[in-house]
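Summary of the model geometry
Here is how the chains run, residue by residue.
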Amino acid sequence: MVFLLRQKNYLVALYLISSMTVGIFISDWLSDEIKFIFHRTRPCWEIDFRHIVGCTGSYSFPSNHVSNGFTIATIFLFFLRRYVSNSFLRKIFYIYISVVVISVSISRVYLGVHYPSDVIGAALIGIAVGTISYKVILRVNSLKDLFYLSIIVISLFRIYFILHGPIDLSPDEAHYWEWSRRLDLSYYSKGPVIAYLIALSTWLFGATPFGVRIFAVLFSFLSSMFVYKTGKRLFNERVGFLSGILFQIIPLFSALGVIFTIDSPFILLWTVSMYVFLLALERGGRYWVFLGLFIGVGLLTKYTMAFFYLSMILYLIKAKDDPSKLNQAHRISVFKNLSLYLSVVISVVVFLPVIIWNFQHDWVTLKHTAGQAHIQDGLTISIRYLLEFIGSQLIVISPLLFIIGLYLLVKPSLLKLEKKKYWFMFSFSMPILAFFLLKSIQGKVQANWAMTAYVPFIFIVAYAFNKGVFKKIITASFVIASLLTILSYAIPYINLPAKLDPSSRLKGWRELGQKVYSIKEEIKGNEKVIIFSDRYQISSELAFYVKGHPFVYCINLGRRMNQYDLWNSINGELEGSKKVHGIYVVYGIKKEPEPEVLSAFARCEHENFTVFRKNVKIRDYTIFKCFDFKGMNLKRPESY
């Protein structure tokens, strides 16, 4: 590597680094998966042999050290043969690399951590992976190749992270999985799409984190494809490819490739709708029908899809190459477009399940949305929430990208954009961003709520980079965004204190589920045991992580309403002849449960449980073992 840099062969050095990175990733992952297929125990498990190093808990065949070593060695040897012309120097490198990799292989057997066949098999894997990685990376000689390689490798990494990473399902993911077990026309806070998608993915792959999250990987891949197609249609193929890559390295959008909440399908449907809208403008006809379908499904996913109407109409009004034609007659003609009305009508028809469900449930979604919007607070001004929102956007988009994207949209003269292209990006960005900016003055706005506003940022930044405008600054912004995204994947492995670890809310749930299951088996006997909490987050996670996926309750002791309040009551468990016991789980350390819980059982015993990961405290819980359930006096929700 140093030799290549001294020779100023920067491109070759980049190819070498990329080949090794991809090769080691695939080799290590493949070796891990093979281990779980063969389940071969290590010799140090069975034979008292040289205690020079510890005997790890993983399986034996094949050796990851050897497979990774041979992957690196193979790639190096190929690069030496191709790029080092000095035959003597090349032979020195050949000998050195061979001695290192053979020594590593022999050490695995000598130390008793692997059998000889583990080493031989691993060497074959390493040679094969190294050869393929080298040949694939060397074929990347265009932006198109880089785009497809990037989204494929990133998608593979996300699958690996889901399978082997240190995070559990988030509370929202577990809650949406709970919805998928009770399919309906709609739900308390969201439309039904997320529930049906998780029902499908878990039907295909099982009720596992992979089963819940696999569509996050797929939808992120497809979102990049439609970002590329939209960027290409707006500008050119090169801008499209840059846009598709940029979408993957922005921290907010990258997270949607792993965590499967409503935002993953929502951003896909938004990008698809943007692309189909452009097709509808150019070709008309059936594309207006398709647009209505996609907007409708988007509304079934997340209600902020309604912003698409606002952006679409604003664009239709403003998008004239000749500003002098922006007269009253033109504005009126926009609203005489029958295809536009057809698209809106179709989207409303698709959205009907939510309307029907809310009619049957006293319009609880409207009440919840009003609560989320803090309408009951009236007109208030909070500088704190405003600054929090701006700060969160700088982090989730990355500081330079946010500033550059905003600046280019406010100062379009720098790029000399056609009016139609400028107004397309402005219409699908600034109204949304302005709305949430103003909303943050009145109440708290979550970091992801304005995310669709940043899709046009991607296009205009990619276009500026392609035109050579602010090229160095934009390059730096790409690097910063990439580093922030890499950091977001690295943080869960670092084991920071919970207060400093943003991923801590995704940790500790598996351990809690195992603990509750062991208590359930302890007190079960021949009686029925119910599990419940006062928080939907705990109830949902227990439903997923307690063995057997039991139905779990979330009792209302004065909190705001959630979906559990619309399902069966815990008091329904009294039907039948069996005695009923309960396990009540709450956050923090408590000596006794609330009076409503205490009076519902003959007696309750408490047990404190603290979850640790590698000696780092994650969270405290109190688990109450309650006996002889008599029925509970539940409260009505205090708010929505």
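The text that follows walks through the structure, step by step, so that each part is easy to find.

Thresholds applied
Residues numbered from 1 in each chain as written. Predicted model: local features only at pLDDT ≥ 70, side-chain atom pairs only at ≥ 80, totals over all residues. Heavy atoms only, no water. Helix = DSSP H or I, 4+ residues; strand = E, 2+ residues; numbered from the N terminus. Disulfide = S-S within 2.5 Å. Core = buried A, V, L, I, M, F, W, Y, C linked by side-chain atoms within 4.5 Å. Buried < 20%, exposed > 50% of the residue type's maximum accessible area, 1.4 Å probe, protein only. Axes fitted to C-alpha atoms, helices over the stretch in contact; angles between N-to-C directions. Parallel < 35°, antiparallel > 145°, perpendicular 65-115°, else oblique. Left-handed = near helix turned anticlockwise from the far one by under 90°. Contact = heavy atoms within 4.5 Å. Nonpolar A, V, L, I, M, F, W, Y, C, P; charged D, E, K, R; others polar. Phe/Tyr/Trp six-rings, centres within 6.5 Å; stacked < 30°, edge-to-face > 60°. Lys NZ or Arg CZ within 6 Å of the ring centre and 35° of its normal. Polar contact = N/O pair within 3.5 Å; in protein donor to acceptor, adjacent residues only side chain to side chain. 1 Å grid on protein atoms, 1.4 Å probe; cavity = no way out; pocket = protein on both sides within 12 Å on 5 of 7 lines; lining within 4 Å. Points joined across faces, edges and corners; volume = space filled by probe spheres on them. Salt bridge = Lys/Arg side-chain N within 4 Å of Asp/Glu carboxyl O. Pairing = 2+ DSSP bridges. Expected span 1.5 Å × (residues − 1).

1. Examining unusual backbone geometry
Most peptide bonds are trans, and most residues other than glycine sit at a negative phi. Across the junction of phenylalanine 61 and proline 62, the peptide omega takes the value -5°, indicating a cis bond. Position of proline 62 among the secondary structure elements: in the loop between helix H3 (43–46) and helix H4 (64–83). Unusually for a residue other than glycine, phenylalanine 470 sits at a positive phi of about 55°. Tracing the backbone through its elements, the reader meets phenylalanine 470 in the loop between helix H23 (455–467) and helix H24 (471–494). Positioned with a positive phi, lysine 614 is a non-glycine residue whose angle comes to about 50°. Along the chain, the position of lysine 614 falls in the loop between strand E4 (601–613) and strand E5 (616–629).

2. With respect to the state of the cysteines
In total, this model carries 1 disulfide according to the counting rule given. A sulfur-sulfur distance of 2.2 Å marks the disulfide that ties cysteine 604 to cysteine 626. Its S-S torsion of approximately 115° makes the covalent link between cysteine 604 and cysteine 626 right-handed. One end of the pair, cysteine 604, is in strand E4; the other, cysteine 626, is in strand E5, and 22 residues separate them in sequence.

3. Examining the nonpolar core
The biggest cluster of nonpolar side chains holds 143 residues, and the ones touching the most others in it are Phe253, Trp270, Phe277, Phe308 and Met312. Looking at this core, the element that brings in the most residues is helix H13 (residues 263–283), giving 12 residues. Of all hydrophobic cores here, the second largest spans 16 residues; its members include Ile530, Tyr553, Val586 and Met632.

4. Overview of the environment of lysine 336
Here lysine 336 shows up in the loop between helix H16 (328–334) and helix H17 (338–360). Between the C-alpha atom of lysine 336 and that of isoleucine 519, which follows or precedes it by 183 residues, the distance is 66 Å.

5. Focus on the packing of helix H7 (residues 143–164) against H24
Interhelical geometry of H7 versus H24 gives an angle of 20° and a closest axis separation of 13 Å. The pairing of H7 with H24 is recorded here as roughly parallel in orientation. In the packing of H7 onto H24, the handedness of the crossing is left-handed. Residues Phe157, Arg158, Phe161 and His164 of H7 lie in contact with H24, whose contacting residues are Tyr489, Pro492 and Tyr493. Considering only residue class, the contact of H7 with H24 consists of 5 nonpolar, 1 polar and 1 charged.

6. Structural notes on the packing of aromatic side chains
For the structure on display, the rule yields 61 aromatic pairs. Look at phenylalanine 277 and phenylalanine 424: their rings are 6.4 Å apart centre to centre, the planes differ by 20°, and that puts the pair in the stacked class. Here phenylalanine 277, found in helix H13, pairs with phenylalanine 424, found in helix H21 (residues 419–427); they are 147 residues apart in sequence, far enough to count as distant. Both residues of the pair, phenylalanine 277 and phenylalanine 424, belong to the buried class. Put simply, the rings of Phe266, Trp270, Phe277, Trp288, Phe308, Tyr315, Phe424 and Phe428 pair up and form one aromatic cluster. Positioned above the aromatic ring of phenylalanine 551, the side-chain terminus of arginine 181 is 4.6 Å from the ring centre. Stacked on the ring of tryptophan 509, the Lys or Arg arginine 619 has its end atom at 4.8 Å from the ring centre.

7. Quick notes on the side chain of serine 503
Within the secondary structure layout, serine 503 lies in the loop between H24 and helix H25 (509–524). For serine 503, a relative accessible area of 10% corresponds to the buried category. Engagement of the side chain of serine 503 in a polar contact is seen with the side chain of aspartate 501, the distance being 2.6 Å. Not counting chain neighbours up to four residues away, the residues in contact with serine 503 comprise Ile167, Ile491 and Pro492.

8. A word on the layout of surface pockets
Put simply, the second largest pocket is a space of about 1700 Å³. What lines the second largest pocket is a set of 42 residues, and nearest its centre among them are Ser18, Leu146, Ser150, Ile154 and Ile249. When contributions to the lining of the second largest pocket are tallied by element, the ones reaching two or more residues are helix H2 (10–38), H7, helix H11 (237–249) and H24. For the lining of the second largest pocket, the element with the most residues is H2, which contributes 11 residues. Its residues assigned to classes, the lining of the second largest pocket comprises 29 nonpolar, 10 polar and 3 charged.

9. Focus on the pattern of salt bridges
Scanning all chains against the criterion turns up 24 salt bridges. A salt bridge links aspartate 534 to arginine 535; the nearest nitrogen and oxygen atoms lie 3.8 Å apart. Taken together, the shared-partner salt bridges connect Asp168, Arg510, Glu511 and Arg613 into one network.

10. A look at empty space enclosed by the protein
To locate leftover empty space, one rolls a probe as large as a water molecule over the atoms. Here the structure, examined in full by the defined rule, presents 1 cavity of 30 Å³ or more. Lining the largest cavity are Leu246, Ile250, Ile397, Leu401, Phe457, Ile458 and Val461. Considering each element in turn, the lining of the largest cavity owes the most residues, 3 residues, to H23. Along the lines of polarity and charge, the residues of the lining of the largest cavity split into 7 nonpolar, no polar and no charged.

11. Considerations on the sheet that holds strand E3 (residues 580–587)
In spatial order, the strands read E2-E1-E3-E5-E4; together these 5 strands make up an open sheet with mixed pairing. Bordering the open sheet on either side are strand E2 (552–554) and E4, each of which pairs with just one other strand. Taken over all neighbouring pairs, the strand axes of this sheet differ in orientation by 25° on average, direction set aside. Of the strands in this sheet, strand E1 (528–533), E3, E4 and E5 are in contact with H25, which crosses E5 at around 25°. Its contacts with the sheet place helix H26 (residues 536–545) against E1, E2, E3 and E5, and it is angled at close to 175° to E2.

12. So, helix H5 (residues 87–110)
For H5, which comprises 24 residues, the first-to-last C-alpha distance of 34 Å matches the rise-based estimate of 34 Å (1.5 Å per residue) to within 8%. Within H5, the full set of buried residues consists of Arg90, Ile97, Val101, Ser105 and Arg108. Residues of H5 that are buried in the fold lie against H4 and helix H6 (116–138). Where H5 ends, the next residue or the one after it, glycine 112, has phi of about 80°, a positive value.

In short, geometric facts, not functional conclusions.
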